[in-house]
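# An overview of the molecular structure
Here are the chains, one letter per residue:
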Amino acid sequence: MGSLRLEQVTKFYGNDLVVDGLTLDIPQGQFFALLGPSGCGKTTILRLIAGLEAVNSGNIFLDKKNITHTPIYERKINTVFQNYALFPHLSVFENIAYPLRVRGFNNDIIADKVSQMLKTVYLSGHEQKFISQISGGQQQRVALARALVAEPEVLLLDEPLAALDQRLKEQMLLELIDLQEKLGTTFIYITHDEREALTVADRMAILNLHGRIEQLSTPKNIYEFPVSRFVANFVGTTNIIDGILHLGDKHHEFEITPDGLSAIRVFIHHKRNWLMPGARTFISIRPEKIRITKKRLTDFENNFTGTVKNILYQGHSTVFDIQVSPQHVIKVFKQNEDHIPEETINYDDLVNLYFAKEDVVVLEN
């Protein structure tokens, strides 16, 4: 139980179109992420699913039952909000017990269910503490426990980690994955942070303006094979280069000729009917796919020579900006492996960049 379908869902706020004919299927038991920039409609979609907002047109189905006009309290859907919305005057136990008391469960059942949920979220022993007496990460777990104790079929999470520092956020992401796998509940995770979505999701949808889906797939597929400039730039960092597309010598091989650069060889991983030889086309090359060295190598189909214009040390890696033509600067990520003797690259050094044709992705737009 817990499959969800949105069918041609549209939402206006006054004259402003916020969600435009969204159709989306989320299977039962999936950890699904909706990822997009601020203002793209993702929180409105969550509120429509929860019943906090009414659709203007379209339908929402939970396990094939139309819940479009079902009141919020009759939907088997709960929400964890960004600010947690916990009751400061109640103990941890009573915060978690609240939805059960509202539904009229007796004290024995409440005690049993809350006890089990406290164990699930690793808060046993904190029952009698007030919210002000526990940490931010523990507060987030209380919010999760309160949302899950009534056994919803779908749990909605609206930017649930936004208030946490990076170290605690990474810990909570792992705990969310563990919790979802343990319970098997359908999780729908709303975020603008691609790192969070890439970490937790089984599948994810990238939203553009008005809640339109730009790409829907697994995190790995979206990162490795973005379909558009918007997706490539929003999910991670990339180099976007445009040029004229030409057929190559072999099946599935093409060439891109950018202005001011030598031809870039491309291998098309999947059939793309929209590829038009002679048309101006955009490609994406992830910075970590590019090898940077002062040496001359012969193992790569694509190579450029350029000058180091910027170096940014990030601990685990170093980011280089390489000027390869008057109009093209290519960004390169290089893993820092101090145990391996390597050449030193400095500002204004002349370097060579190498990348395989399989690591070049042709974009639809």
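Structure's up top.
Computed from a predicted structure; not experimentally measured. In every chain, residue numbers begin from 1 and rise along the written sequence. Local features are withheld for residues below a pLDDT of 70 in this predicted model, meaning they are given only at 70 or higher, and side-chain atom pairs are given and counted only at 80 or more; totals for whole chains, interfaces and linings count all residues. Side-chain numbers here rest on the full set of heavy atoms in the structure, without hydrogens or water.

### Section: the overall build of the chain
Secondary structure summary: the chain contains eight helices and 20 strands in total. Contact definition: two residues touch when any of their heavy atoms are within 4.5 Å. Taking the intrachain contacts of the chain between residues at least 6 apart in sequence as the baseline, contacts between residues at least 24 apart amount to 66%. By element, 49% of the accessible surface of the chain is carried by carbon and sulfur atoms, the whole surface being about 17700 Å². Note that His is not counted, nor are the chain ends; the positive residues are Lys and Arg, and the negative ones are Asp and Glu. To locate a charge, take NZ of a lysine, CZ of an arginine, CG of an aspartate or CD of a glutamate. Considering the chain, the positive charge centre built from 38 side chains and the negative charge centre built from 44 side chains are found 2 Å apart. Each helix is a run of H or I in the DSSP string that is no shorter than four residues. Each strand is a run of E no shorter than two, and both are numbered from the N terminus. Shrake-Rupley sampling with a 1.4 Å probe provides the accessible areas, and residues are treated as covered by the protein chains on show and by no other component.

### Observations regarding the packing of aromatic side chains
Between the rings of Phe, Tyr and Trp (Trp by its six-membered ring), a pair exists once the centres lie within 6.5 Å; its type follows the angle of the planes, with under 30 degrees stacked, over 60 edge-to-face, and the other angles tilted. Counted under the stated rule, the structure contains six aromatic pairs. Summarising the aromatic geometry, the rings of F31 and F187 are spaced 5.2 Å apart at their centres and angled 65° between planes, so their arrangement reads as edge-to-face. Residue F31 is found in strand β3 (residues 31-35), and its partner F187 is found in strand β8 (residues 186-191); the two are separated by 156 residues along the sequence. Each of the two residues, F31 as well as F187, counts as buried. Stacked on the ring of F87, the Lys or Arg R146 has its end atom at 5.4 Å from the ring centre. In this scheme, Lys NZ or Arg CZ marks a charge over a ring once it lies within 6 Å of the ring centre and within 35 degrees of the ring normal. Seen from the ring of Y223, R286 lies directly overhead, with NZ or CZ sitting 4.0 Å from the centre. Accessible area is worked out with a 1.4 Å probe on protein chains only. A residue is then buried under 20% of its type maximum, exposed over 50%, and partly exposed in between.

### Brief notes about helix α3 (residues 107-120)
Count 3.6 residues to each turn of an α-helix, and residues three or four apart come out pointing the same way. The span one expects for a helix is its residue count, reduced by one, times 1.5 Å. Between its first and last C-alpha, α3 extends 20 Å over 14 residues, near the 20 Å set by a 1.5 Å rise per residue. Residues of α3 that are buried: I110, V114, M117, L118 and T120. Axial view of α3: buried residues confined to an arc of 155°, hence all on one face. Distance and chemistry together define a polar contact, namely a pair of N or O atoms within 3.5 Å, with one atom able to donate a hydrogen and the other to accept it when in protein, and with adjacent residues in sequence counting only for side-chain atoms on both sides. For α3, the N-terminal capping position is held by N106, with its side-chain oxygen 3.1 Å away from the main-chain nitrogen of D108. Taken from the residues just after α3, Y122 is the one with a positive phi, measuring 60°. The reported arc concerns the directions from the helix axis to the C-beta atoms and nothing else.

### Focus on the nonpolar core
In this text, buried Ala, Val, Leu, Ile, Met, Phe, Trp, Tyr and Cys residues form a nonpolar core when linked through side-chain atoms within 4.5 Å. Judged by nonpolar contacts, the single largest core of 48 residues is most densely connected at I96 and Y189. With six residues, the single largest contributor to this core is helix α4 (residues 136-148). With residues near it in sequence (within four places) discarded, Y189 still touches F31, F32, A33, L34, L157, P160, L161, L173, L176, E196 and V200. By size, the runner-up hydrophobic cluster in this structure holds 27 residues, among which are I26, C40, I188 and L207.

### Some thoughts on the environment of F32
With respect to the helices and strands, the residue F32 is situated in strand β3. Among all residues touching F32, those that are not within four sequence positions of it are L24, I26, F187, I188, Y189, R203, M204, A205 and L216.

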